[in-house]
Structure formats: structure tokens, C-alpha cells
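The chain contents come next:
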Amino acid sequence: MNFKQMDSEFVANTYVRFDAVIERGQGSTLYDENGKEYIDFGSGIAVNTFGVADEIWKKAVTDQLNKIQHTSNLYYNSNGALLAKMLCERTGMKKVFFSNSGAEANECAIKTARKFGTDRADEKNVIVTLKNSFHGRTITTLSATGQDAFHTSFTPFTEGFKYVEANDTEELKKAITPEVTAIMIEIVQGEGGVNTLSKRFLDEIEKITTENEILLIVDEVQTGNGRTGQLYAYMNFELTPDIVSTAKGLAGGLPLGATMLGERVKDTLSPGTHGSTFGANPVCAAAAISNLERIDDALLKEVRRKSELIQSELKKINGVKSVSGMGLMLGIETEKSAKEIADICLKNGLLVLTAKIKVRLLPALNITDEEIKKGLKILKGVIEA
Ligand SMILES: *Cc1c(COP(=O)(O)O)cnc(C)c1O
């Protein structure tokens, strides 16, 4: 029995997998069990921030592993404290809650927003989210996700969410009633098709949330940690979020979620109101500290340069209808189906992702120009064939 057969027989049937067993690699060049080479334009869905087997990342992780792997939140944890301080200093946020995933980071954001609201008025507990958003797979984060397709099979769902069309300021204004405690957005909708919200819409959200006791929650699970060419995607715009959630690339390949809390909500959570056994696990936190140190202005500038390089090359490919997104989070609309392109790319030695009708690229932030060129050559061949 090979691993593919074993997976089909013993792993819960929740994933449609590409036909490859990826085993090892260096940077953004990966190899499968048969030694076949792939250029990686997906980085494990925006997780492997510095690619695979990165020396600096490995040292941060193994140094901590050689000390202690876990202590629990009953004791102080130096890595957790240091990472929280770094995140606050880099964002202007005031406190951080740590968890293990994007869904959990959003759960904390939602709990905080509800407590902030209900501390003020019993019924102030509704969160406005956007159609086509994606916020996670727990019952509550599925509820927050503004896509009807996710609201079946698991009823009853958590109540208290209202959905408005992205970039529709009139609909948004109508949705703002006294029960609303927060507006929750992704700056670039990732799973929804790599769509960046308009400046005008974001300005309106900023206005509503600063002029009223309504919180702005930015889900930076995918867009965060340098992905869009700024440390967090909201920094590309004039926004002052009250809550920022992140996960995916934060620890560069280890599970870590963070919910950053701004001035208005820094004391909303109190002892006993929330927690997580693994939250700020010392090994995951060591990886995140190392990553954050490296995501400096020079690296962010490189992310923006590589983005422009990729975008200008994509525009030269026949069959590319449009390119969307920011930084190293790009969506490509093509004449062929995205799924078909991704399947043929895999056969030809390139890993790409899809998001709705688009081919989605989320390469490691330190992908080399050579890897970019190699990958784009394969992609061009597949799109133009
Ligand atoms: C991936 C993702 C999530 C869910 O993260 P998990 O770690 O899979 O729970 C939530 N929000 C956004 C924007 C995401 O891209």
C-alpha cells in the first residue's frame, strides 16, 4: 500500500488533493517522493514565509527545541512575551492573544468584539462581514464567512452575522444599526478570489468605525506577515484597526495564531474569558520572532519588487485576462479553467493554487528571481498551450 492509498483509506475524506507526495526541498524548490522537482508558487498556502529548510528558521526552531518545547499558559513564557511586544511595536496594537490557527485567531476576534459590545448594551453583538469572505472552518467562523455554500450541513450556525457586498458603501451604511459591534474584513479576499477592497470602501469603513463605538476587525490570516509588501495589509491603507488576526505565515510553517488588540479592546478580555493550551507555544513563538526580525523594510521592498516583476511578466502571457492582488498574493484570470491550469502546472513541475475562478500565487517571500523565472516559464507554457 503506497501513501496515496493509505491516505484514501485512513485519512478523513475532507481534501481534494493534487497528485503528488512532496517530501523535501530547499527554498522554493521542492521534490516529491520520486525525486521530481517543482518550483513552489504556493508556499503551503502562504505558510512557508521563508520557503522550506531555511537555515535561519531551522536554527531558531531547533535552538528552542533543545531548551523546552512547551510549558503551558500556567507559567510565564519568554518567547510569547517577546513576540507580543514585537507585534505591538510593529503595529501600534496594545496586546496580543495567541492561539494555533487562523480560525482560532478569528474566534478570539469575534469573542472580543461581542464582549466589547455586550459590555455596553445587551443586544450589541452583531458583526458585519463581507460577501465572498473566508474566515475559517469552525461553526462560528463559517458563520462569519459570507458565502452561502458554507452555510449548509452543520446547522444550527452561530447567529449574529450580517453580510454586505464588498465595495458597496451604500449597503454597508444601511447595515450599520445599533446592534452592530464590529465590521470584519480581509483587505485582499484570499479564498474569495484574490480581490483587493477599494480605497473608497475602506475609507468608509474607517469613518464608520472611528466615529461610532464599532470595532474594525481585519482578518490578516493570509495577507499578514509581509505577504502584501507591508507587514500587515491594512498598512497599505489609512486604517486603524481595533483587532487584527493573523496565522498562516506568522511562524513560517509551525501552527501559531495571533489576535492583536488595539487601544479600545486591550482590556476587554479578562482572566477566564479565553484561553488556549498551546497558545504561544515556545517553539512556534521562536519561529515567529525569527520571521518578524527578518520581515524588515528591505525585505518588504523586495516583496514589492518581486510582485512587479511577476505582474509585468504575467501581462505578457497570451490568455491572461487580468491580474489582481497585492505583493506576493496574486490572482490570475485566464481563459482556461484555473483548476485545469493548476493540474497541468503540477505535471510540468510548478505548484500553484486556485481561488474561485483564478489561479492564485502565494510564493515564499524570499523566492529567488531565478525560481520566479523558472516558474513563470512553466506557467506561460501551460496558459499558452
Ligand atoms: C486560511 C484562512 C483562515 C483560516 O485559517 P486556518 O489556520 O485554516 O484556521 C481564516 N481567514 C483567512 C483570511 C484565511 O485565509
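All values derive from a computational prediction rather than experimental measurement.

(A) Region of interest: the layout of surface pockets. For the second largest pocket, the calculated volume is near 560 Å³. Val-96, Phe-97, Phe-98, His-274 and Gly-275 are, among the 18 residues lining the second largest pocket, the residues nearest its centre. With four residues, strand β4 (residues 95-99) is the single largest residue contributor to the lining of the second largest pocket. Looking at the lining of the second largest pocket, its residues break down into seven nonpolar, eight polar and three charged.

(B) A look at the sheet that holds strand β16 (residues 353-355). Strand order in the open sheet made by the four strands is β13-β14-β17-β16, with antiparallel pairing throughout. Two strands close off the open sheet at either side, each with one partner strand: β13 (320-326) and β16. Each neighbouring strand pair of the sheet contributes to a mean axis angle of 30°, computed without reference to strand direction. Of the strand pairs in this sheet, strand β14 (residues 329-334) and strand β17 (residues 358-361) are connected by three bridges, and their pairing is antiparallel. Of the residues in β17, the one forming a bridge with Ile-332 is Val-359.

(C) Examining the sheet that holds strand β5 (residues 126-130) more closely. Pairing in this open sheet of seven strands is mixed, and the strands run β4-β12-β11-β10-β7-β5-β6 from one edge to the other. If you trace the sheet from one side to the other, it starts and ends with β4 and β6 (161-164), each paired once. Strand-to-strand, the axes of this sheet are offset by a mean angle of 20°, without reference to chain direction. Pairing of strand β10 (residues 215-219) with strand β11 (residues 243-246), which is carried by three bridges, proceeds in the parallel orientation. Pairing of Asp-219 across the sheet is with Ser-245, part of β11.

(D) Local environment of the nonpolar core. Counting residues in hydrophobic clusters, the biggest one holds 85 residues, and the most contacted among them are Leu-83, Leu-87, Phe-98, Ile-185, Ile-187, Leu-361 and Leu-379. Looking at this core element by element, the count peaks at seven residues for helix α9 (residues 282-294). Excluding its chain neighbours within four sequence positions, the residues that come into contact with Ile-187 are Asn-195, Thr-196, Leu-197, Leu-202, Val-218, Glu-220, Ala-233, Tyr-234, Phe-237 and Leu-239. Counting 14 residues, the second-largest nonpolar core is a separate cluster that includes Ala-113, Ile-243, Leu-261 and Val-265.

(E) The pairing of β5, seen in detail. Along β5, five of the five residues are buried, which leaves the element largely enclosed by surrounding structure. Residues Val-126, Val-128 and Leu-130 of β5 are buried on one face, and the alternating residues Ile-127 and Thr-129, pointing to the opposite face, are buried as well. Pairing geometry for β5 and strand β7 (residues 180-185), over three bridges, is parallel. Within β7, the position partnered with Val-128 by the bridge is Ile-183. Inspection of the sheet shows β5 paired to β6 by four bridges, in the parallel sense.

(F) Up close: the pattern of salt bridges. One pass over the structure, following the stated rule, counts 21 salt bridges. Salt-bridge contacts for Glu-302 lead to Arg-305; the nearest nitrogen and oxygen are separated by 2.8 Å. With Glu-302 and Arg-305 both in helix α10 (residues 297-315) and three residues apart, this pair spans about one turn of that helix. The partner of Lys-339 in a salt bridge is Asp-343, with the nearest N and O atoms 3.0 Å apart. Within this pair, Lys-339 and its partner Asp-343 are both found in helix α11 (residues 338-347), separated by four residues, close to a single helical turn. By sharing partners, the salt bridges in this structure join Lys-131, Glu-165 and Glu-171 into a single network.

(G) A look at helix α8 (residues 199-211). A rise of 1.5 Å per residue sets the reference length of α8, with its 13 residues, at 18 Å; its end C-alpha atoms lie 18 Å apart and thus fit the reference within 8%. Those residues of α8 lying buried are Phe-201, Leu-202, Glu-204, Ile-205, Glu-206, Ile-208 and Thr-209. Buried residues belonging to α8 abut β5, α7 (169-175), β7 and β10.

Thresholds, definitions, all that
Residues numbered from 1 in each chain as written. Predicted model: local features only at pLDDT ≥ 70, side-chain atom pairs only at ≥ 80, totals over all residues. Heavy atoms only, no water. 1 Å grid on protein atoms, 1.4 Å probe; cavity = no way out; pocket = protein on both sides within 12 Å on 5 of 7 lines; lining within 4 Å. Points joined across faces, edges and corners; volume = space filled by probe spheres on them. Helix = DSSP H or I, 4+ residues; strand = E, 2+ residues; numbered from the N terminus. Nonpolar A, V, L, I, M, F, W, Y, C, P; charged D, E, K, R; others polar. Pairing = 2+ DSSP bridges. Axes fitted to C-alpha atoms, helices over the stretch in contact; angles between N-to-C directions. Core = buried A, V, L, I, M, F, W, Y, C linked by side-chain atoms within 4.5 Å. Buried < 20%, exposed > 50% of the residue type's maximum accessible area, 1.4 Å probe, protein only. Contact = heavy atoms within 4.5 Å. Salt bridge = Lys/Arg side-chain N within 4 Å of Asp/Glu carboxyl O. Expected span 1.5 Å × (residues − 1).

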